[in-house]
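Secondary and tertiary structure notes
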Amino acid sequence: MKPTLGIESSCDEMAAAVVRGREILASVVHAQTDVHEPYGGVVPELASRDHARCVSQVVARALADAGLKPADLGGVAVTAGPGLVGSLLVGLCFGKAFAARHALPLVGVHHVAGHLASAELADPALVAPYLGLVVSGGHTALYRIEADAAPALLAETRDDAVGEAFDKVAKLLGLPYPGGPALARLAESGDERAIAFPRPMAHGAQQGFSYSGLKTAVAIELERRLGGRPANALPERERADIAASFQAAATDVLVSKARRLLAREGLGQLAIVGGVAANQRLRRVVEAAAREDGFRAVFPPLALCTDNAAMIAAAGARRLARGERDALDLGAFARAPIPALARASAGVA
Ligand code: KG4
Ligand code: ZN
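Residues numbered from 1 in each chain as written. Chains lettered and ligands numbered in written order. Predicted model: local features only at pLDDT ≥ 70, side-chain atom pairs only at ≥ 80, totals over all residues. Heavy atoms only, no water.

Points about the sheet that holds strand β1 (residues 4–8)
Spatial ordering of the open sheet is given by β3-β2-β1-β4-β5, a layout of 5 strands whose pairing is mixed. Each edge of the open sheet is held by one strand with a lone partner, namely β3 (23–31) and β5 (106–110). For this sheet, the mean angle separating the axes of adjacent strands, direction not counted, is 20°. Strand direction decides the pairing type here: strand β2 (residues 13–20) and β3, joined by 8 bridges, are antiparallel. By the bridge assignment for β3, Glu13 is matched with Ala31. (Pairing = 2+ DSSP bridges. Helix = DSSP H or I, 4+ residues; strand = E, 2+ residues; numbered from the N terminus. Axes fitted to C-alpha atoms, helices over the stretch in contact; angles between N-to-C directions.)

Structure follows, in structure tokens:
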């Protein structure tokens, strides 16, 4: 089996990786934290300009780290969406040109199918069927994963994604970008029972998630305490309690919904993927639930949780192995459900 080159540039990371089966031969991620930090969030135009500056070096570095030449590859997998279209186009155009120049087959990968593939890449014992929980800056959804079918959407957010809620609440608390990890760090010293924030749609019959109400509840609580003063006017202890109470509400909802769907679907394995899977509180409560209910929880290592190209190569390799190909007119897309594009690419060939 020849290795696959993966390219990912859907947001503010330019990444390239080489993967053979479940083996990661090289994985390079060029982050842009310093580019966006002054603005408190990702500036799309700056993201794509930085991608354009470094895409060829990142790909060259991945090949060099793997000790491979283009001729050693079996194909190229590149994220086609969803994401920032300007950012996506940089990786997509480079991937197409690279594939054409070296006469390699090309496949587009759905970013979420990539995240789902990271679990099988990380854990060889994980075999479908299982429940996949995608928690990132753009997605909050539960999928049923079967060996030879498209990931089937069971539940998703009606408004904000959980990572987006972490980032927005971090901003309200006056924390620096990127907010999610900073909020998680602040929460470590807080009391998560200090404030009973709402846990929207955690119980009851509804299938979806909702995070905008929780974010608003934090904003109201902060306004009540601050009365117009800046967030850093609050004592550190109070900010930590708010962070911890928000984090508890945000992650409890994920766990209760996943437990319910595991039972309903008769599944014994849960894979948690995407940037928010790096959250230690989420890991603790999922592991406690797994012990209690008797399911197996799989968390990829941190480097595979946040955006990376190894997961894209792994998802793309599945499509390549089935003989699927995309033409050079493959377009980037800002939003779309996991389409025919990513048919069953959640697994690893
Ligand atoms: O998967 P990812 O790298 O990019 C997207 O596809 O969105 O996820 C990034 C998201 C951001 O919202 C970030 O704040 C969040 O993951 N995140 C965290 C943690 N680390 C990253 N959220 C909570 N706790 C963390 N430790
Ligand atoms: Zn992502």
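As for the domain arrangement of the protein chain
By the assigned domains, the protein chain splits into domain 1 (4–116 + 304–342) and domain 2 (128–299). For domain 1 and domain 2, the distance between their C-alpha centroids amounts to 27 Å. Taken together, the contacts link 18 residues of domain 1 with 20 residues of domain 2. In this assembly, domain 1 packs against domain 2 so that about 1400 Å² is buried in total across both faces, 67% of it on carbon and sulfur atoms. (Domains from an automatic or database assignment. Contact = heavy atoms within 4.5 Å. Buried area = accessible area lost by both parts, 1.4 Å probe.)

A closer look at the sheet that holds strand β8 (residues 152–156)
The strand order β8-β7-β6-β9-β10 describes an open sheet built from 5 strands, whose pairing is mixed. The open sheet terminates on both sides in strands that have one partner only, identified here as β8 and β10 (296–298). On average, each strand axis in the sheet is tilted by 20° relative to the strand beside it, whichever way the strands run. As judged from the 6 bridges shared by strand β6 (residues 130–135) and strand β7 (residues 140–145), these two strands associate in the antiparallel manner.

Quick notes on the state of the cysteines
If you walk through the whole model with that rule in mind, you get 0 disulfides. In this structure Cys11 is not part of a disulfide, and its nearest cysteine sulfur, from Cys54, lies 14 Å away. Taking relative accessible area as the criterion, Cys54 reaches 8% and is therefore assigned buried. (Disulfide = S-S within 2.5 Å. Buried < 20%, exposed > 50% of the residue type's maximum accessible area, 1.4 Å probe, protein only.)

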